[in-house]
Amino acid sequence: GPAGPARASDADDTFRAITKASVYDHIIPRYDHLAAIGAGLESAATTYCQDRNAQSFTLLDAAFREYWLAWAGIRHVQFGPVQFLNRGFRIQFWPDTRNKIGKQLSRVLVAEDSAALEHATFAKTSIAVQGLPALERLLVDGHAGYADPKGGFKCALTETIAGNLAMIAKGIAEDWNPTDGYAHAVAMAGTGEGPYSETYEVTVELLQSLLGELEASRDVRLGRPLGSALDKARPKLAEAWRSGLSRDILLQSLKGTEDLYRSGGFDKALRDAGESTLADQIGAGFQHAIAQVGTLDGSLYEAFTAPEKRNALQTIRADLKVLAGLIGTDLSVALDISPGFNSRDGD
């Protein structure tokens, strides 16, 4: 009947509202933040390699950690400029099930080829050595780790990776710009211009970003290192275990996805659709998971092999599964978006 077309245009308005809120209140501010942190990381690395003292090292290490945590809060966006030039994997090659990072990094350190560190050359080198996990390994032995005869080359490589991370973050932020960038491309969804022929397609990308990150936390951040039993635990599969950042990364990831849900217009869309009970449930689900992760003391590395802490991690995994169900099933039915359907999957 006549309700059909009206219903469709209401849905389009909802999808447009979610897209706009997600882009301007969530994605752009977080990429701008990452770019700013990246510039700080690059300058901290330059300073350290100039004076090579313990105090400069402390500032470099802090900048490295700040970048990884900023990245953890926006890593869930798996579409658009972060995909261009393989940027996401260049920032963080993960999961690395075959220790590619270790092997490639050793190769670079043994070769001591300064020409390989030239920015344009390095940007095309193995993605395993271009980003955070490689930088983590270089920094793990502290200031003393740069004292050996290879210290000069090691510092040059550290500087190169830091510069690369800064450049990538700056590129993503610039490519999202509203004038002629990706923010404009998604705003054009459904108008016949740009990569998205239907308005709902961007909402699907955002929904997949939410679900993909919750699943990554459940299965890759927690599931793999936990293993099926205590004697099958493999804590060295934990993300960033060398720097002890695993727990904080998990926390920032959850806070980032919560912000996409809340600031990104999903919460409002549910409430506008008369689904405030579901919106409350999802909001509480995020808060609960964030609180649970917040109460874990110490590094996750130890927790994976401690019987009483393993239980807490399994509980968090179960909570994330429930939360993903509320979003992937209940929310998508309520707003009439199917996370599994994406006409661009074939690209």
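What you are looking at is a predicted structure, and each value in this text was computed from that prediction instead of being measured.

**Student:** Teacher, can you tell me more about the layout of surface pockets here?
**Tutor:** Empty pockets left among the atoms are what a rolling probe the size of a water molecule brings to light. Space inside the largest pocket adds up to approximately 340 Å³. Lining the largest pocket we find 21 residues, and of these Asp96, Arg137, Lys236, Ala238 and Trp241 sit closest to its centre. For the lining of the largest pocket, the elements supplying multiple residues, two or more each, are α6 (132–139) and α9 (200–226). The residue inventory of the lining of the largest pocket, partitioned by class, reads eleven nonpolar, three polar and seven charged. Lining the second largest pocket are 15 residues, with Arg75, Gln78, Gly88, Phe89 and Trp94 sitting closest to its centre. At the level of secondary structure, the elements contributing two or more residues to the lining of the second largest pocket comprise α3 (87–91) and α9. Per element, the largest residue contribution to the lining of the second largest pocket is three residues, and it comes from α3. In terms of residue class, the lining of the second largest pocket is made up of eight nonpolar, five polar and two charged.

**Student:** Mind showing me how you'd approach helix α10 (residues 246–263) here?
**Tutor:** Note: α-helices contain 3.6 residues per turn, so residues at a spacing of three or four share the same orientation. Helix length check: α10, at 18 residues, gives a terminal C-alpha distance of 25 Å against a target of 26 Å (1.5 Å per residue), a fit within 8%. The buried fraction of α10 is high, at 13 of 18 residues. One or two positions beyond α10, positive phi appears at Gly265, with a value near 90°.

**Student:** I would appreciate a short explanation of the side chain of Arg87 in the present structure.
**Tutor:** Looking at the secondary structure, you find Arg87 in helix α3. Overall, Arg87 belongs to the buried group, its relative accessible area being 7%. If sequence neighbours within four positions are ignored, Arg87 has contacts with Pro81, Val82, Ile168, Gly171, Ile172 and Asp175.

**Student:** Can you walk me through the state of the cysteines in this structure?
**Tutor:** Where two cysteines share a covalent bond between their sulfur atoms, that bond is called a disulfide. According to the stated counting rule, one finds one disulfide in the structure shown. For Cys49, the disulfide goes to Cys155, at an S-S distance of 2.2 Å. Across the S-S bond of Cys49 and Cys155 the torsion is about -95°, and the bridge reads as left-handed. Here the residue Cys49 occupies a position in helix α1 (residues 3–51), and Cys155 occupies one in helix α7 (residues 151–175), the gap between them amounting to 106 residues. Taken as a pair, Cys49 and Cys155 share a single burial class, namely buried.

**Student:** How should I be thinking about the packing of α9 against α10 in this particular structure?
**Tutor:** To describe two helices that pack against each other, one gives the angle between their axes and the distance between the axes. At a minimum axis distance of 10 Å, the contact between α9 and α10 shows a crossing angle of 160°. Compared by their axis directions, α9 and α10 come out roughly antiparallel. Read as a crossing pair, α9 and α10 show a hand that is left-handed. In contact with Leu206, Ser209, Leu210, Glu213, Leu214, Ser217, Arg221 and Leu222 of α9, α10 contributes Ile249, Leu250, Ser253, Leu254, Thr257, Leu260 and Tyr261.

**Student:** Would you mind showing me how to read unusual backbone geometry here?
**Tutor:** Note: most residues except glycine have negative phi, and most peptide bonds are trans. Residue Pro95 follows Trp94 across a cis peptide bond; omega there is -5°. Looking at the secondary structure, you find Pro95 in the loop between α3 and α4 (100–111). Phi angles above zero are rare outside glycine, and Asn86 is one such case at about 60°. Relative to the elements of secondary structure, Asn86 occurs in the loop between α2 (54–72) and α3.

**Student:** I'm lost on the nonpolar core in this one. Help?
**Tutor:** For soluble globular proteins, nonpolar side chains are generally found buried alongside one another. Tyr67, Trp176, Phe266 and Ile282 are the most contacted members of the largest nonpolar core, which has 103 residues in total. Among the elements that line this core, the one with the most residues is α1, at 15 residues.

Calculation rules
Residues numbered from 1 in each chain as written. Predicted model: local features only at pLDDT ≥ 70, side-chain atom pairs only at ≥ 80, totals over all residues. Heavy atoms only, no water. 1 Å grid on protein atoms, 1.4 Å probe; cavity = no way out; pocket = protein on both sides within 12 Å on 5 of 7 lines; lining within 4 Å. Points joined across faces, edges and corners; volume = space filled by probe spheres on them. Helix = DSSP H or I, 4+ residues; strand = E, 2+ residues; numbered from the N terminus. Nonpolar A, V, L, I, M, F, W, Y, C, P; charged D, E, K, R; others polar. Expected span 1.5 Å × (residues − 1). Buried < 20%, exposed > 50% of the residue type's maximum accessible area, 1.4 Å probe, protein only. Contact = heavy atoms within 4.5 Å. Disulfide = S-S within 2.5 Å. Axes fitted to C-alpha atoms, helices over the stretch in contact; angles between N-to-C directions. Parallel < 35°, antiparallel > 145°, perpendicular 65-115°, else oblique. Left-handed = near helix turned anticlockwise from the far one by under 90°. Core = buried A, V, L, I, M, F, W, Y, C linked by side-chain atoms within 4.5 Å.

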